[in-house]
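Coordinate analysis (summary)
Spelled out from the first residue to the last, the chains are:
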Amino acid sequence: MAAFRYKPSSWVPFRDQKVIDRVRRISRQAITVHPNPDLTIQVVPDDMAEFIWLNDLFYRIKTAMDADRSCVLILPNPAHTYVKLALMLNRFRVRCRKLWVFIMDEYANENGVIAPDTWKFGFMYAFKRFFIQTLDPKLRPPARQIVGPTARNVNDYGRIIADLGGADACYSGPGWTGHLAFIEPDAPEFAAGSLEEWMSFGPRVVTLSPFTIAQNALHGFFGMSGDLAAVPPKAFTIGPAQVKAARYRMDMSSITTAGTSVSWQRFITRLVWHGPVTPCVPTSLHQLLKTDVIITE
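Read on for a plain summary of the structure. Fair warning: this is a prediction, and the values are worked out from it, not measured in the lab.

**Remarks on the overall build of the chain**
The number of helices and strands found in the chain is nine helices and ten strands. For the chain, the C-alpha radius of gyration of 19 Å lies close to 19 Å, the compact-globule estimate for 297 residues. Here the chain holds 297 residues, and the buried ones make up 49% of them. Sequence separation of 24 or more characterises 75% of the internal contacts of the chain that already satisfy a separation of 6 or more. For the chain, the exposed area adds up to about 14,400 Å²; of that, 55% sits on carbon and sulfur atoms. Here the chain carries 33 positive and 26 negative side-chain charges, and the mean point of each set is 3 Å from the other.

Take a look at the structure:
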């Protein structure tokens, strides 16, 4: 019987078939082995990833506040986890007066106008709702230290982080395309002549990949209904430069779809950690850095 062969769709950002075939075959045991000794990869039970991240967040904030020093974090949007973090800080009466939080990305419309923090599907809105409103008012950081992208700061976002000495920690997880934050592999705004140039890029408003729009249409904030029209076409994001400059990095692959065992992260996780380092798979930049990687079973 003749074999039926085909190439990945031209819509797929990374299409090297030999690499794709190789990473598909990676076993659970092999996935934790990497030539970069500073890159630690561990596979954990499904219910452990959030705990590991939450524990790290709480430890960094409490340690810094106890020492009366600043703690600068670049954070993603697993919204309900922030309720748990706030409750832990309340329980231990941690005054977060020197905590700085930078939201790593936010939606924008077709004209590049960033969603306000009052839009109920926005990431800044979610962080304020789940973290700030849960945190005891006596423990909250000053409002100016919870920073999300706006029309006023969009051109200075990277500089504001750098002026604070850079991020103490940056937390992330790969999207369906391998994006990091909303650093998309096929966004024209991140087009670069080399890997080195790409890694120097800072924050900007970008065009979202159709795959990212499909991915986010399955998330809870958009009704888990595949409503493609509900997801904005653009977004603001930090750049590779902010990820590289962070003193600590944790990347997590643990997302399933609507509480099922279905996960679009199964393949991209293998490609991110065991494929080439390339802007075509943005999260792969971690392979060159010191990063803790958490992958659920």
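**Describing the packing of aromatic side chains**
If you walk through the whole model with that rule in mind, you get 17 aromatic pairs. Geometrically, the ring pair formed by W100 and F102 is stacked, given 6.4 Å between the ring centres and 10° between the ring planes. According to the relative accessible area criterion, W100 is buried, its value standing at 13%. For F102, a relative accessible area of 0% gives the class buried. Taking the centre distance of 6.2 Å and the plane angle of 35° together, the rings of F190 and F201 count as tilted. Of the two residues, F190 is situated in the loop between strand 6 (169-172) and helix 6 (195-199) and F201 in the loop between helix 6 and strand 7 (204-207); the sequence distance between them amounts to eleven residues. Overall, the relative accessible area of 4% leaves F190 in the buried class. A relative accessible area of 13% places F201 in the buried class.

**Structural notes on the sheet that holds strand 8 (residues 234-237)**
The sheet built from three strands is open, its strands ordered 4-8-7 with antiparallel pairing. Taken across any chain shown, the strands that pair with only one partner, and hence form the sheet edges, are strand 4 (105-108) and strand 7. The average angle at which neighbouring strand axes cross in this sheet is 30°, direction not considered. In the sheet, strand 7 pairs with strand 8 via four bridges, with the strands oriented antiparallel.

**Describing the pattern of salt bridges**
Per the stated rule, a full pass over the model turns up twelve salt bridges. Taking the shortest distance from any N to any O, the salt bridge between R97 and D68 comes out at 3.2 Å. With R97 in the loop between helix 3 (79-91) and strand 3 (99-103) and D68 in the loop between helix 2 (49-66) and strand 2 (71-75), this pair connects stretches of sequence that are 29 residues apart. On the accessibility criterion, R97 (33% relative accessible area) is partly exposed. When the shortest N-O distance is used, the salt bridge between D156 and R159 registers 3.8 Å. Looking at D156, the relative accessible area reads 30%, which means it is partly exposed. Looking at R159, the relative accessible area reads 45%, which means it is partly exposed. Bridged by salt links that share partners, the residues D68, R97 and K98 form one connected network.

**Description of the packing of helix 2 against helix 3**
Each pair of packed helices gets described by two things: the angle between the helix axes and the distance between those axes. Across the interface, helix 2 lies against helix 3 with an axial gap of 10 Å and an inter-helix angle of 40°. Between helix 2 and helix 3, the angle falls in the class oblique. Judged by the twist between their axes, the crossing of helix 2 over helix 3 is right-handed. Contacts between helix 2 and helix 3 involve E50, W53, L54, L57, F58 and I61 from the former and T81, Y82, K84, L85, M88 and L89 from the latter. Its residues placed into classes, the contact of helix 2 with helix 3 shows nine nonpolar, one polar and two charged.

**Considerations on helix 3**
All of the buried residues in helix 3 are A79, T81, Y82, L85, A86, L89 and N90. Against the buried residues of helix 3 lie helix 2, strand 2 and helix 4 (123-132).

**What about helix 7 (residues 210-217)?**
Think of an α-helix as 3.6 residues a turn; residues three or four steps apart then line up on the same face. Considered for burial, the residues of helix 7 that qualify are T212, I213, Q215, N216 and A217. One side-chain oxygen at the N-terminal end of helix 7 lies 3.0 Å from the backbone nitrogen of F211; it belongs to S209.

**Re the sheet that holds strand 1 (residues 39-44)**
Strand order in the open sheet formed by seven strands is 1-10-9-6-2-3-5, and the pairing between neighbours is parallel. The sheet terminates laterally at strand 1 and strand 5 (146-147), the two strands that pair on one side only. Across five bridges, the pairing between strand 2 and strand 3 is parallel. In the strand pairing of strand 3, V72 is matched with W100. Running over the sheet, helix 4 touches strand 2, strand 3 and strand 5 and is turned about 145° from strand 3. Across the sheet, helix 9 (residues 265-274) lies against strand 1, strand 9 (249-253) and strand 10 (291-296), angled at about 145° from strand 9, the strand it touches most.

Each value, and the rule that gives it
Residues numbered from 1 in each chain as written. Predicted model: local features only at pLDDT ≥ 70, side-chain atom pairs only at ≥ 80, totals over all residues. Heavy atoms only, no water. Helix = DSSP H or I, 4+ residues; strand = E, 2+ residues; numbered from the N terminus. Rg over C-alpha atoms; globule rule 2.2 N^0.38 Å. Buried < 20%, exposed > 50% of the residue type's maximum accessible area, 1.4 Å probe, protein only. Contact = heavy atoms within 4.5 Å. Areas by Shrake-Rupley, 256 points an atom, 1.4 Å probe, with all protein chains shown as cover. Lys, Arg positive; Asp, Glu negative; His and termini not counted. Charge placed at Lys NZ, Arg CZ, Asp CG, Glu CD. Phe/Tyr/Trp six-rings, centres within 6.5 Å; stacked < 30°, edge-to-face > 60°. Pairing = 2+ DSSP bridges. Axes fitted to C-alpha atoms, helices over the stretch in contact; angles between N-to-C directions. Salt bridge = Lys/Arg side-chain N within 4 Å of Asp/Glu carboxyl O. Parallel < 35°, antiparallel > 145°, perpendicular 65-115°, else oblique. Left-handed = near helix turned anticlockwise from the far one by under 90°. Nonpolar A, V, L, I, M, F, W, Y, C, P; charged D, E, K, R; others polar. Polar contact = N/O pair within 3.5 Å; in protein donor to acceptor, adjacent residues only side chain to side chain.

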